[in-house]
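# Structural features, examined
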Amino acid sequence: MFEDFSSETTGFLSNWKTHKKLRENGSQTSEILTYEVQTQSRKPRHVECQTESMLDMMMSSQNNENENVDIPALIQFLRIAEPIVSKQIKINNLSSGLYRGIMKAKYGASENHIICEHVLNDKSISSQDSGIEDHGFEVTCLSWTSSGATLAVAYGTNENLAWSDQRSYIGLWNLDRSKINPNACDQKLELESCVQTISCHPELAGYIAAGLYSGLVVLWDLAKDEVIYSETSHADPVTCICWMQSSSAKYLEVLSSSTDGDMIVWKWRKGKETEPLKTEKHMKIRGANLPRRVGMKGHGSVGITSCCPMKGDPHDPTQTQTNVVAMGTVIVGCENGSVLKCSTEVNDSNPITFVYESHVGPVYSVEWSPFHRHLFLTCATEQVCRIYHSLQASPLREIRPEEAVSGRSSNYLYSAFWSTTRPAIIFAAGGSGRIEACDLRTSRCVSFCDVTSADGKPCSVNHMQSNSKRRNLFASGSKSVHVWRLGEGLVEPAGNGQDEQAAIDGIANEAMTED
Amino acid sequence: MSEIEETIKRIQSHKGVIGIIIVNNEGIPIRTTLDNSTTVQYAGLVHQLTMKARSTVRDIDPQNDLTFLRLRSKKHEIMVAPDKDYLLITIQNPSE
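- Within an unreviewed UniProt entry, the label attached to chain B reads Dynein light chain roadblock, and the organism entered is Phallusia mammillata.
- The UniProt entry for chain B carries this comment under Sequence similarities (unreviewed entry): "Belongs to the GAMAD family."

This is the structure:
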């Protein structure tokens, strides 16, 4: 029934496809023509030139005395020029009284404001949960670098109650950058423990020392982006870290203090990132070494909350003799309120050389005056700042910021510093969030500003630092960092600052004339 | 030689004079009563300023020339007596 069927194929021609025609063609660029020509110099002439710095030229002209100077012409010139100049000098001296009034009116000390220039808050850090309820990261410490343009900020938390593994950060902000981003820092370093204190090297750029909650001291070398740890650690959190003047240029020396009463001087050889910070000296403040009037009972150690080494000024000619003594002198503030003068140069482990009258609460801030080498400022939680003379035990002045006088709450003072330009001005701030500038001559507040958080509530200021290179700026750290600009009146002292310097000298001399 | 030193001392002895510097026509200080770094700084800056001031005066009137330049600031006054080859810079603090 079924058979195989095969059909033939059928096809049809396309009516749109055409046969493509091909043709080959070629082209060739013409030959590139080259010419060869040679030249040869026959008589060379040797000429050199060298720029010299003006200092070198001045020195060489001084050494060669009168090689470049045509003496008779110089004498002739001076004969003509001197009378003109002398006449003008005399006119100036006579009319000096005239200008003073105009100058004072024009540039008068009326600008005493403190204006907030920047509010810096790194969102990536502050939004992180620090692990402790209700408290995010806050600024524990800050430090300006040697150039005064960059601010190093330590983010951590002061609310640690027990041993904690809390991470923390050091952030850097460069204020000179045109697009300063207030919400993100320029460089960030993460550390495994809470950073309690940091300090930038006052002369060399690029070295930041930090003290951690775990008792370790770290050194951050910014150029190589390396972190160098100390070989041992304190038993308690590090409370204060300062750079010391190193005896040799190859080493860096750092002094750290902590609440276990230890003061350790660390030494590090520059350039050796593989070597940890080595302990150079280890000193302990013991209760037994303090005199009985301090009221310290028992033989335990006394925790240190702040320290400040004396900075010898190499340019001050009056200090050349006493500089030997001054090296290694450190003022230490303790958590029981004692204020001690210690020396890192003593050989036994008790560094105390002099004991001052104590505060009632822990001393959080100590600073030597930049204008008088014997005066220093301390501030403690009992809401007073004291000025001491380094050779006398009782304080010369006690200043109570107006806050306390008017009875506001939570007035502990956490930070105080001297003005870098006016000898008689100090700044103090604390728990109330108000930064006050006080004049030592009148013991009254000259100006103040309030630190408020983003929602307008005052927040406690943890640390402040003045900028030694840009004298009209200072920074305060609380929950975020505020950079403040001082008005003209607070930066420029009236009349060259001589009255203020005289006032400071007068205060210092009171110490010598009493009893 | 000593006349130069005498003249310098005489100017220095006036009230309020902080220092004097004598600069040659290349801007190199040849005599000074201040320390080296301050001298170098003043010499370079004041020399440039004097050249600019002189060229300003001469551009306005080519037959005119700069005779004396005083720069008064908050803290002191800088006086410059220019010459073809030298500059005498005096710094005075008049309010002392």
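## Comments concerning the pairing of strand β16 (residues 339-343) of chain A
All names here are of chain A.
- Along β16, five of the five residues are buried, which leaves the element largely enclosed by surrounding structure.
- In this sheet, β16 lies alongside strand β15 (residues 329-334) in antiparallel orientation, the contact comprising five bridges. Each bridged residue has a counterpart across the sheet, and for isoleucine 331 the counterpart in β16 is lysine 341.
- Bridge count for β16 against strand β17 (residues 352-356) is four bridges, and the pairing is antiparallel. In the sheet register, cysteine 342 faces β17, and the bridge partner there is isoleucine 352.

## A look at the packing of helix α1 (residues 54-63) of chain A against helix α2 (residues 36-60) of chain B
- Remark: α1(A) packs on α2(B), axes separated minimally by 10 Å, with the N-to-C direction vectors making an angle of 110°. Classified by the interaxial angle, the pair formed by α1(A) and α2(B) is roughly perpendicular. Of the two elements, α1(A) crosses α2(B), and the hand of that crossing is right-handed. Side by side, α1(A) and α2(B) meet where A:Met54, A:Leu55, A:Met58, A:Met59 and A:Gln62 of the first sit next to B:Asn36, B:Thr39, B:Val40, B:Ala43 and B:Gly44 of the second.
- Here the residues of the contact of α1(A) with α2(B) are counted per class, giving six nonpolar, four polar and no charged.

## A word on the sheet that holds strand β5 (residues 187-191) of chain A
All names here are of chain A.
- The strand order β2-β3-β4-β5 describes an open sheet built from four strands, whose pairing is antiparallel. Each having just a single partner strand, β2 (138-144) and β5 make up the two edges of the open sheet. Pairs of neighbouring strands in the sheet enclose a mean axial angle of 20°, with direction left out of account.
- In this sheet, β5 lies alongside strand β4 (residues 168-174) in antiparallel orientation, the contact comprising five bridges. When the sheet's bridge partners are listed, isoleucine 170 is paired in β5 with leucine 189.

Parameters and conventions
Residues numbered from 1 in each chain as written. Chains lettered and ligands numbered in written order. Predicted model: local features only at pLDDT ≥ 70, side-chain atom pairs only at ≥ 80, totals over all residues. Heavy atoms only, no water. UniProt positions renumbered as here; feature names shortened; annotations may be inferred. Buried < 20%, exposed > 50% of the residue type's maximum accessible area, 1.4 Å probe, protein only. Helix = DSSP H or I, 4+ residues; strand = E, 2+ residues; numbered from the N terminus. Pairing = 2+ DSSP bridges. Axes fitted to C-alpha atoms, helices over the stretch in contact; angles between N-to-C directions. Parallel < 35°, antiparallel > 145°, perpendicular 65-115°, else oblique. Left-handed = near helix turned anticlockwise from the far one by under 90°. Contact = heavy atoms within 4.5 Å. Nonpolar A, V, L, I, M, F, W, Y, C, P; charged D, E, K, R; others polar.

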